[in-house]
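Below are the chains, spelled out letter by letter.
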Amino acid sequence: MLRRRDLLTAALGLAALPRGLRAASLPDRLVVAGGALTEIVVALGGAGRLVGVDTTSLYPAKVVEPLPRIGYIRTLSAEGILSLNPSFLLASDQAGPPAVIDQLRAVKLPLALVEETFAADHVPAKVLKVAEALGQDAAGKALAETIAADLASVRAAVSGLAKPSVLFVLSNTGDRLMAAGQATAAETMIGLAGARNAIQGYTSYKPLSAEAALAADPDILVFPDHVVTALGGRAAIARLPQVSVTRAAAAGRIVSMDSLYLLGLGPRTAHAAHDFATALHPGARLPALPARAWTVA
Amino acid sequence: MAASLAIGAVPLSLHQVMQALMGQAEDARQAAVVWQLRLPRTLMAGLVGAGLALAGALTQGLFRNPIADPSLIGVSAGAAVVTAALIVFGAILLPPGWLPYAMPLGAFAGSLAVIVIVSRIAMVEARTSVALLLLAGIAINALAMAGTGLLVYLSDDRQMRDITFWTLGSVGGATWVKVAALAPCVVLPLLCAPWFARALDALNLGEREAAHLGFRVERVKRLACLAFALAVGGAVSVSGIIGFVGLVVPHLVRLTFGARHSVLLPLSAVGGATLLILADVVARTIVAPAELPIGLITAFIGGPFFLALLLRRRREFAA
C-alpha cells in the first residue's frame, strides 16, 4: 500500500516537473503562425482554443476560415497579434520579422518557436514540441507515435519498388514553371513516395528551362492541382515547350495533387506520402494506411 | 502623434494611453503596448519621414531638379542590394544572432557607399558636376537593381519574400535601440539645415552665380551630400525602402509656403514626419490584426497626389 502511494507521489512529482517549460497556465487563447503547427494543434484537439492564425494556416478549412488572420508568417505585426488578447503564441521558427518576435518577447507574451525542417522524420518531433508547449504531452506522444508508425509503413511499402525520376513543378507564372530542387518539401515527399528528384544541382524552386527539363528527362511530371487548372489541363501541360521534350510528357505521365496536402509537412504527411506513392507507382498495390482523425476533416 | 499613439490594433482609449505614458496603466500589457510598441514606432515613423523628406528637399535643391529623390541616384538601391545579400547569405556568413544588427548596418553602409562612389565619379577637376552625379546615380541604380535581381534568383522562397517585403518598407520592427541609432542621423542634418538654406537658395540661380555671391559652393555640395547620406542611410537601414515621401513632401511644402530653403527644409521634415506617422496608422490598422507594408500606403497617397499636381501645373510645362 505504502509503496503504491510512494509511486503515485513520485509519478505526480515527475508530471509536475516540466511545468516550468510550459506556458504558466494552459493557453486558452492561442495564436498560431505556421500551417503545419495549426494542423497539429487541431489534431491535438486544440481547435477551440485558437483565436488567430497566419495566412499559411489553411487546413482544416472549417476551423481556420472563421478565425482572424495575423498576416503572412514573415510579416507579422506585434500589436496585431496582441489585439487578439492571446495567452500564448505558437510560431514556426520561420516566423518573423525577428524584430517583431523580439517585441513580443519584450511585452512578455508567452511564446514558443518550433523548429521546422524539410525532413519527414522531423514531423513527429514537431508534434512533441507543440504538445509540450500546450501542456498535452500524453496526447502529443500518441499522435507523434502514430505518425511515425504511418511513415514507417509507407517507407516499407515502397522500399522494394524501382524509383522513377520525378520532376516537381510547384507553380507557374504564365507559362514559366518553377521546379523543385534540393532542400524542398517537394523533394522530401518524392523520397518518401519511393521516387527520386529528377532535378539535381540547385536548392529551392527555380525557373525551369526546356534544356534543363530535357537533361533531367523525368519519368513523371508532378503538378499541384491548381497549376494544372491554371495551365489548362494535362493535355495542355504535355504540349508546353519546357516539358514537351521529356519522356514523361510523351508517355502522358503527369500526376497532380493538392499542394497543401502534399507539401504541408504536418500530421497528414504520411497519408499524403502514401497517396503520392500510389500515384507514382500505378502498377504496385500499396497497402492502405488506416484513416486517422486528423486526415479526415 | 496622439492619433498614432491612440490608434492601433489593440483597442485602448486615449485615457488608457495617457495612464500608460504616466506609468499608471491598469494592466502591464497595456503599458507594454504603449511603451514598447507604439511609442518607439511613432517616433521611428516620424524620424524616418523627416529624414526622407529632408533628404528629398536637399537633393532637389542641390540638383536643381524637381524629380530628384533619394532613389533616383541609386541610394535606396545600394541599400537594397546589401540587405538582399545579407538576407540570402547572412545565415551562412555571420554567427547566429548577428543578422538583425548586420542588416541595418549593411543597408547604411550600402547607401553611403553609393553616395561616395557617385560623388567621386562626378568630381571633375575638384568640381562636382551635377549632371554627372545624376547620370552616374542612374547607372549605379541599374547595377544595384541587377545585383538585387541576381540575389532574388539565388534566394529560396522565404528569402525572396523577405527581400520583397523589405523593399516595400515597414516601421513595424521599431525598438528603442533603433530609434536611438536613427535620431542623430536625422537630427544632425536637420540642425545643419539653416546653414545650408541660404547657400541652396543661391545655388538655384546657378553655380557660378552662387560662387559670386560669396558661397563656397563645393563645400556646400559636399556637406549637403553628407547630410543627405546620413538621413537617407539612417532611414533606409531601419525601415527598408519607403518611396514618394522624399519626392512629394518637399513639393507640397514648396507649393504652399514657397521655395525658400530656410522654410522648405524644416517644414519638409515636419511634413514628412506627419505623413509617415499617418501612413503608418493606416498601415497597421486597415487590415488588422495583419499589417500592410507602409511603402504601399505612401505610394498610394503619393502617386495620385503627384499626378494631380502635374495636371494642375501642366501649363507651365508647355511654356
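The shown structure was predicted, so the numbers you read here are calculated from the model rather than taken from an experiment.

### Things to note about the overall build of chain B
- In terms of helices and strands, chain B carries 14 helices and two strands.
- Expected size for 319 residues packed as a compact globule is a radius of gyration near 20 Å; at 20 Å, chain B falls within 12% of this value.
- Overall size of chain B, expressed as C-alpha extent along the three principal axes, is 65 × 45 × 35 Å.
- Expressed as a percentage of its 319 residues, the buried residues of chain B come to 52%.

### A word on the overall build of chain A
- On a plain count of helices and strands, chain A comes out with 14 helices and ten strands.
- The dimensions of chain A, computed from C-alpha atoms along their principal axes, are 75 × 50 × 35 Å.
- Evaluated residue by residue, chain A yields a buried proportion of 46% over its 297 residues.

### Some words on unusual backbone geometry
- Between Tyr 59 of chain A and Pro 60 of chain A the backbone carries a cis peptide bond, its omega angle lying at -10°.
- You can see Pro 60 of chain A is positioned in the loop between β2 (50-53) and α3 (61-64).
- The omega torsion across Ala 288 of chain B and Pro 289 of chain B is 10°, close enough to zero to call that bond cis.
- Along the chain, the position of Pro 289 of chain B falls in the loop between α12 (261-285) and α13 (294-312).
- The phi angle at Ser 204 of chain A is positive, at roughly 65°, despite the residue not being glycine.
- By the element assignment, Ser 204 of chain A lies in the loop between β7 (196-197) and β8 (205-207).

### Digging into helix α8 (residues 176-203) of chain B
All names here are of chain B.
- Counted at 1.5 Å a residue, the expected span for α8 with its 28 residues is 40 Å, and the 38 Å between its end C-alpha atoms agrees.
- Along α8, the largest kink reaches about 50° and is centred on Pro 194.
- For α8, the full list of buried residues reads Lys 178, Leu 182, Cys 185, Val 186, Pro 189, Leu 190, Ala 193, Phe 196, Ala 199, Leu 200, Ala 202 and Leu 203.
- For α8, the secondary structure elements touched by its buried residues are α3 (28-63), α9 (207-212), α10 (217-239) and α12.

### Digging into the interface of chain B and chain A
- With 23 residues of chain B at the contact, the number on the chain A side is 28 residues.
- Counting residues per element, the ones that place at least two in the side of chain B that touches chain A are α3 and α7 (157-168) of chain B.
- Per-class residue counts for the side of chain B that touches chain A are ten nonpolar, five polar and eight charged.

### Points about the sheet that holds strand β4 (residues 111-114) of chain A
Residue and element names in this part refer to chain A.
- On the basis of which strands lie adjacent, the open sheet formed by four strands has the order β2-β1-β3-β4 and parallel pairing. Looking at which strands have only one partner, the edges of the open sheet turn out to be β2 and β4. Averaged over neighbouring strand pairs, the angle between their axes works out to 15° when direction is ignored.
- With three bridges joining them, strand β1 (residues 30-33) and β2 adopt parallel strand pairing. Directly across from Leu 30, in β2, lies its bridge partner Leu 50.
- Taken strand by strand, helix α2 (residues 35-43) contacts β1, β2, β3 (88-92) and β4, and its axis lies near 140° from that of β1.

### Focus: the nonpolar core
- Grouped together as the largest cluster of nonpolar side chains are 193 residues, with contacts concentrated most on Leu 90, Val 130, Leu 167 and Met 189 of chain A.
- In terms of residue count, the dominant contributor to this core is α3 of chain B (19 residues).

### Considering α13 of chain B
- Taking 1.5 Å per residue as the helical rise, α13 of chain B with its 19 residues ought to reach 27 Å, and the 27 Å between its terminal C-alpha atoms agrees with that figure.
- As for α13 of chain B, its buried residues are in contact with α7, α11 (245-257) and α12 of chain B.

### Details of the pairing of β4 of chain A
Residue and element names in this part refer to chain A.
- Here β3 runs beside β4; their pairing, made up of four bridges, is parallel. Bridged to Leu 90 within β4 is Ala 112.
- You can see the chain leave β3, run along helix α5 (residues 98-106) and come back into β4, and the turn it takes is right-handed.

### Comments concerning the packing of helix α5 (residues 99-122) of chain B against helix α6 (residues 130-154) of chain B
Residue and element names in this part refer to chain B.
- Look at α5 against α6: their axes get within 8 Å of each other, and the N-to-C directions meet at 135°. Between α5 and α6, the angle falls in the class oblique. Taken as a pair, α5 and α6 cross one another with a handedness that is right-handed. Each of Val 114, Ile 117, Val 118, Ser 119, Ile 121 and Ala 122 in α5 lies in contact with α6, whose residues at this interface are Leu 132, Leu 133, Ala 136, Gly 137 and Ile 140.
- Looking at the contact of α5 with α6 residue by residue, the classes come out as nine nonpolar, two polar and no charged.

### Focus: the environment of Leu 262 of chain A
Residues and elements named next belong to chain A.
- As for its position among the elements, Leu 262 is in helix α13 (residues 259-263).
- Looking at Leu 262, the number of C-beta atoms within 10 Å reads 25, which means it is buried.
- Leu 262 sits 43 residues away from Asp 219 along the chain, and the two C-alpha atoms are 19 Å apart.
- Aside from chain neighbours lying at most four places away, what touches Leu 262 is Met 189, Met 257, Ala 272 and Phe 276.

### Here we look at the environment of Asn 197 of chain A
All names here are of chain A.
- Here Asn 197 shows up in strand β7.
- In sequence terms Asn 197 and Leu 170 are 27 residues apart; their C-alpha atoms lie 13 Å from each other.
- With residues near it in sequence (within four places) discarded, Asn 197 still touches Val 166, Phe 168, Ala 180, Glu 187 and Ile 190.

### A word on the confidence of the model for chain A
All names here are of chain A.
- Per-residue pLDDT for chain A has a mean of 89; in total, 91% of the residues score no lower than 70.
- Considering each helix and strand of chain A separately, the mean pLDDT is smallest for helix α1 (residues 2-16), with a value of 45, and largest for β7, with 97.
- Confidence drops under a pLDDT of 50 for residues 5-25, and excluding neighbours within four residues, the segment shows nine contacts in the predicted structure.

### Here's the deal with the confidence of the model for chain B
All names here are of chain B.
- Overall, the predicted model of chain B reaches an average pLDDT of 85, with 98% of residues at or above 70.
- Mean pLDDT in chain B bottoms out at strand β2 (residues 127-128), which sits at 72, and peaks at α12, which reaches 92.
- Both scores are given for the predicted complex: the pTM is 0.81, the ipTM 0.76.

### Brief notes about the packing of α12 of chain B against α13 of chain B
Residues and elements named next belong to chain B.
- Where α12 meets α13, the axes come as close as 9 Å, and the angle between the chain directions of the two elements is 120°. Taken together, the axes of α12 and α13 are oblique relative to one another. Crossing geometry of α12 relative to α13 is assigned as right-handed. Contacts from Ala 279, Asp 280, Val 282 and Ala 283 in α12 reach Ile 294, Ile 297, Thr 298 and Ile 301 in α13.

### Here we look at the environment of His 271 of chain A
Residue and element names in this part refer to chain A.
- Mapped onto the elements, His 271 comes out in helix α14 (residues 269-280).
- In this structure, the C-alpha to C-alpha distance between His 271 and Ile 147, residues 124 residues apart in sequence, is 9.1 Å.
- Ignoring any residue separated from it by four or fewer positions in sequence, one finds His 271 in contact with Asp 150, Leu 289 and Thr 295.

Reading guide: rules and limits
- Residues numbered from 1 in each chain as written.
- Chains lettered and ligands numbered in written order.
- Predicted model: local features only at pLDDT ≥ 70, side-chain atom pairs only at ≥ 80, totals over all residues.
- Helix = DSSP H or I, 4+ residues; strand = E, 2+ residues; numbered from the N terminus.
- Rg over C-alpha atoms; globule rule 2.2 N^0.38 Å.
- Buried ≥ 20, exposed ≤ 12 C-beta atoms within 10 Å, placed from the backbone.
- Expected span 1.5 Å × (residues − 1).
- Bend = angle between axes of the 7 residues up to and from the residue.
- Contact = placed C-beta atoms within 7 Å.
- Nonpolar A, V, L, I, M, F, W, Y, C, P; charged D, E, K, R; others polar.
- Pairing = 2+ DSSP bridges.
- Axes fitted to C-alpha atoms, helices over the stretch in contact; angles between N-to-C directions.
- Core = buried A, V, L, I, M, F, W, Y, C linked by C-beta atoms within 7 Å.
- Right-handed = clockwise from strand over helix to strand, strands pointing away.
- Parallel < 35°, antiparallel > 145°, perpendicular 65-115°, else oblique.
- Left-handed = near helix turned anticlockwise from the far one by under 90°.
- pLDDT = per-residue confidence, 0-100.

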